[in-house]
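Breakdown of the fold
This is what each chain is made of:
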Amino acid sequence: MTRRGRTAVLVVGVVVLGGAVAVLRRETELPDRPASGPVRIEEFTAEGVRHGAEEPPRQPELVGVDALDRESLRVDWSGDAPAYEVRWDDSVRYTTTTAVEIGGLDPVRVLGVEVRAVGATGLRSQPLLVGRSPDALDDERWADGLDEPVDRFEGPESLDPRRWRLLVDQSCFGLREVDGRRRVEIGCEYAEMQSTVPLRVGVPDEHGAIARAVLTTDGPVGPGGSVTLALLPEPYEELRAPGIAARGTTGQPGPSDAALPPGAVALTIRSDDARIGFGRLPTTTARPPVPEGALTPVDGVRHRWELRVLADSVVGLRDGRVVASAPVAVPWRVARPRLAFSGGAGTLLDTLAVRGGRQQPDPVSEVRFDVTEQRDGALVLGEVGGQRLRTALTARVAATVLSRSDQPLRLEFAGRTAPAVVSDVNGVVRLAHADFPLDDVDPPPSARAALLADDLSALAVTTSGVVLTGRPDAPREPLPRLAESAAREETPRPLVVLFDRDGRGAPAEFPAGGEVRVVAEVGLTGLAPVPLAGVRISLDGEPVLALPTTRDGPAVAGRYEVWLPTAALSSGGHRVRVEVVPEDPALATTSSERTFVIV
């Protein structure tokens, strides 16, 4: 799973490495291994080669301890180390963030937790000691006024089609066991899912909220990723993916967010930022609460995110603290939640709870169309088999249309035609839909869905489908098939850049008689932390440095600087290779290479 790293250096200095890798290769061969036990490498430094020395990292400082439920603890701290080691009972966990959550606990037992900073060569700090019980910290008042049932994303039944429509292929959703619970995991870089539960505006509660949606998740899971919790008024729940842009929203008062349909509101969350977005809503004179300080950039740890709608503003909260707000008023009385994930692979879902969603949704099923064909004066969207129509009461045909023309549109289904209700999204994208009752007709062997217009050449359909609403006694749609996944351990590849004497990164040529400074960052961004045995560097195939990273125990991340003399190098091309050796003999060594020229 992706984790955000923290920059830490082996020597004093700050260097930006963005985009400087030339060749990255994943090695399939394993390094020399002992017969048993963890891998160890012997320290070696070639003549004339210099590398930095590391000072012991400073002790982490406690920020807070929290519990999102009665079986877990979350510990937050501050520090500038590349990684941290967390110990409790007989367990140990490594992280490159400044928080950890431990689950599967006895609610009333005080758990002792030790957090140590871990340097690039494995040096440890003095421990931060924490002792708490979940029961003493869990505050369930956040759920006051929220409706049952709460969506708990555990097992395939949590994505029952009666409550959720998956707007991307179901292979983008899987299951991963965490602390004894099989939780739903996002498996694609982009995914959207639409709730079928109508959320209705109610009487203001003690906080002034007329509607609430609360999502608990450990996302976003990496730099550039985001999670969006949106409320879409009718009929915009029919927008197919990407119906909302989880890649970001403006959230600024005044101008609407072109990524969102009219009337929609959304809380978009990034690792270090959260914003309210809205689609063409009037601003108000309200002064909503302002964010209570900057977000701490910690991902991969569960937080409770809330989108709170008030009569004259919309507020976003994380764990009860305001993180975003906008002075806008929603005109709708009914909306439906939608979740969107960008850069979301590895995100774990926990729960979604709402206020105003007591009504049980009607059983629905969806047929998506991938290809349109112009035939017989109509744009044929697709067909629905008669078997699916036998227990359906209504069919809603919906199509997302690209057109700058205001010409009237019509939709056809099962031989009947109806004027399309056209809802503008952003001036170019329009959502066209029409509802067709089916309880008064015998189901045909198949039913064609089509779009009709006077000038079909003036429009294009990007997505379309039919949503069938079934009778209360309709057979349940099959649950999605969710593949089981497991956290994979992979050795991180080093990010390598060469610098000249003037500090210029990645120069093509170096003069003879000077030095080449090699900077390698390992494990600061990317995969889940893996204990490392050491780093090895070679020049033109000859070893010049072997640096163990196990001084007080294994390192998992760090930044390494090495100076290579060039006086003895011949004119022409040369190759530097940096290898990262894992402590686990079952994992492969990874490497990166850079080339340079002596002139």
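To start, this report covers the structure provided alongside it. Here the structure is a predicted model, which is why all the values come from computation and not from measurement.

This part covers the sheet that holds strand β25 (residues 349-355). Strand order in the open sheet formed by six strands is β11-β25-β17-β21-β22-β23, and the pairing between neighbours is antiparallel. At either end of the open sheet lies a strand with only one pairing partner, and these are β11 (151-152) and β23 (321-326).

Before going further, it helps to spend a moment on the nonpolar core. Phe153, Leu159, Phe173, Met193, Leu231 and Val265 are the most contacted members of the largest nonpolar core, which totals 48 residues. Tallying contributions element by element places strand β17 (residues 209-217) first for this core, with four residues. Leave out the neighbours within four places in its chain, and Leu159 touches Phe153, Trp164, Leu166, Phe173, Val184, Met193, Pro480 and Leu482. Counting 29 residues, the second largest nonpolar core, distinct from the first, contains Leu411, Leu438, Leu459 and Val466.

Strand-to-strand pairing in sheets goes through backbone hydrogen bonds, with the strands running parallel or antiparallel. Strand order in the open sheet formed by three strands is β4-β5-β8, and the pairing between neighbours is antiparallel. Single-partner strands in this sheet number two, and they are β4 (61-66) and β8 (99-102). Adjacent strand axes in the sheet meet at a mean angle of 15° when their direction is disregarded. Strand direction decides the pairing type here: strand β5 (residues 73-78) and β8, joined by four bridges, are antiparallel. Across the sheet, Val75 pairs through a bridge with Val100, a residue of β8.

Attention shifts here to the pairing of strand β28 (residues 378-385). By the criterion of burial, β28 is predominantly enclosed, with six of the eight residues buried. Of the pairings in the sheet, the one linking strand β27 (residues 373-375) to β28 comprises three bridges and is antiparallel in character. When the sheet's bridge partners are listed, Glu373 is paired in β28 with Val380. Taking the residues that link successive antiparallel strands as the turn, the β27-β28 hairpin has two residues, and the phi of Asp376 there is positive, at about 55°. Inspection of the sheet shows β28 paired to strand β34 (residues 446-452) by six bridges, in the antiparallel sense.

Relative to the assigned elements, Asp147 resides in the loop between α1 (134-137) and β11. Residue class for Asp147 comes out buried when judged on its relative accessible area of 4%. A polar atom in the side chain of Asp147 sits 2.7 Å from the backbone nitrogen of Gly356.

Within the secondary structure, Pro198 is located in the loop between β15 (190-195) and β16 (199-200). Residue classification places Pro198 among the buried residues on the basis of a relative accessible area of 3%.

Attention shifts here to empty space enclosed by the protein. Under the defined criterion, the tally for this structure stands at four cavities of 30 Å³ or more. In this structure, the largest cavity occupies an estimated 60 Å³ of space. As for the largest cavity, its lining consists of twelve residues, of which Pro149, Asp151, Arg163, Leu352 and Val354 are closest to the centre. The element best represented in the lining of the largest cavity is β25, accounting for three residues. Taken together, the residues that form the lining of the largest cavity break down as six nonpolar, two polar and four charged.

This part takes up the pairing of strand β31 (residues 416-419). Relative to β31, strand β30 (residues 410-413) runs antiparallel, the two being bridged by four bridges. The residue bridging Leu411 from the neighbouring strand is Ala418, located in β31. Remark: two residues form the turn of the hairpin made by β30 and β31, two consecutive strands paired antiparallel; Ala414 in that turn has positive phi of roughly 50°.

Applying the stated criterion across every chain, the model contains 49 salt bridges. The closest approach of N and O atoms between Glu61 and Arg58, which form a salt bridge, is 3.8 Å. For Glu61, a relative accessible area of 48% corresponds to the partly exposed category. Residue classification places Arg58 among the partly exposed residues on the basis of a relative accessible area of 42%.

Each neighbour pair has its own omega, and for Glu148 with Pro149 the value is 0°, a cis peptide bond. The residue Pro149 is located in the loop between α1 and β11 in this model. Note that the residue after Gly219, namely Pro220, is joined by a cis bond; omega there is -5°. Relative to the helices and strands, Pro220 is located in the loop between β17 and β18 (226-233). We note that Ala414 has phi near 50°; this positive angle belongs to a residue other than glycine. The exposure class of Ala414 is partly exposed, given its relative accessible area of 30%.

Attention now moves to the packing of aromatic side chains. In this structure the tally under the stated criterion is four aromatic pairs. When the ring of Trp77 is compared with that of Tyr84, the centres are 5.4 Å apart and the planes differ by 65°; the resulting orientation is edge-to-face. Accessibility assignment for this pair places Trp77 and Tyr84 in one class, buried. When the centroid spacing of 5.5 Å and the interplanar angle of 80° are considered together, the rings of Phe510 and Phe596 count as edge-to-face. On the criterion of sequence distance, the pair formed by Phe510 in strand β38 (residues 509-510) and Phe596 in strand β44 (residues 590-598) is long-range, its members being 86 residues apart. Each member of the pair, Phe510 as well as Phe596, is classed as buried. The ring of Trp142 carries the charged tip of Arg304 above its face, separated from the ring centre by 3.9 Å. The cationic tip of Arg517 hangs over the ring face of Phe499; the distance from NZ or CZ to the ring centre is 4.7 Å.

Inspection of the secondary structure puts Ser125 in the loop between β9 (111-118) and β10 (128-132). Considering only alpha carbons, one finds Ser125 and Pro56, 69 residues apart in sequence, at a separation of 6.3 Å. Ignoring any residue separated from it by four or fewer positions in sequence, one finds Ser125 in contact with Pro57, Arg58, Gln59, Pro60, Arg116 and Ala117. Side-chain polar atoms of Ser125 contact the backbone nitrogen of Ala117, separated by 2.9 Å.

Conventions and cut-offs
Residues numbered from 1 in each chain as written. Predicted model: local features only at pLDDT ≥ 70, side-chain atom pairs only at ≥ 80, totals over all residues. Heavy atoms only, no water. Pairing = 2+ DSSP bridges. Helix = DSSP H or I, 4+ residues; strand = E, 2+ residues; numbered from the N terminus. Core = buried A, V, L, I, M, F, W, Y, C linked by side-chain atoms within 4.5 Å. Buried < 20%, exposed > 50% of the residue type's maximum accessible area, 1.4 Å probe, protein only. Contact = heavy atoms within 4.5 Å. Axes fitted to C-alpha atoms, helices over the stretch in contact; angles between N-to-C directions. Polar contact = N/O pair within 3.5 Å; in protein donor to acceptor, adjacent residues only side chain to side chain. 1 Å grid on protein atoms, 1.4 Å probe; cavity = no way out; pocket = protein on both sides within 12 Å on 5 of 7 lines; lining within 4 Å. Points joined across faces, edges and corners; volume = space filled by probe spheres on them. Nonpolar A, V, L, I, M, F, W, Y, C, P; charged D, E, K, R; others polar. Salt bridge = Lys/Arg side-chain N within 4 Å of Asp/Glu carboxyl O. Phe/Tyr/Trp six-rings, centres within 6.5 Å; stacked < 30°, edge-to-face > 60°. Lys NZ or Arg CZ within 6 Å of the ring centre and 35° of its normal.

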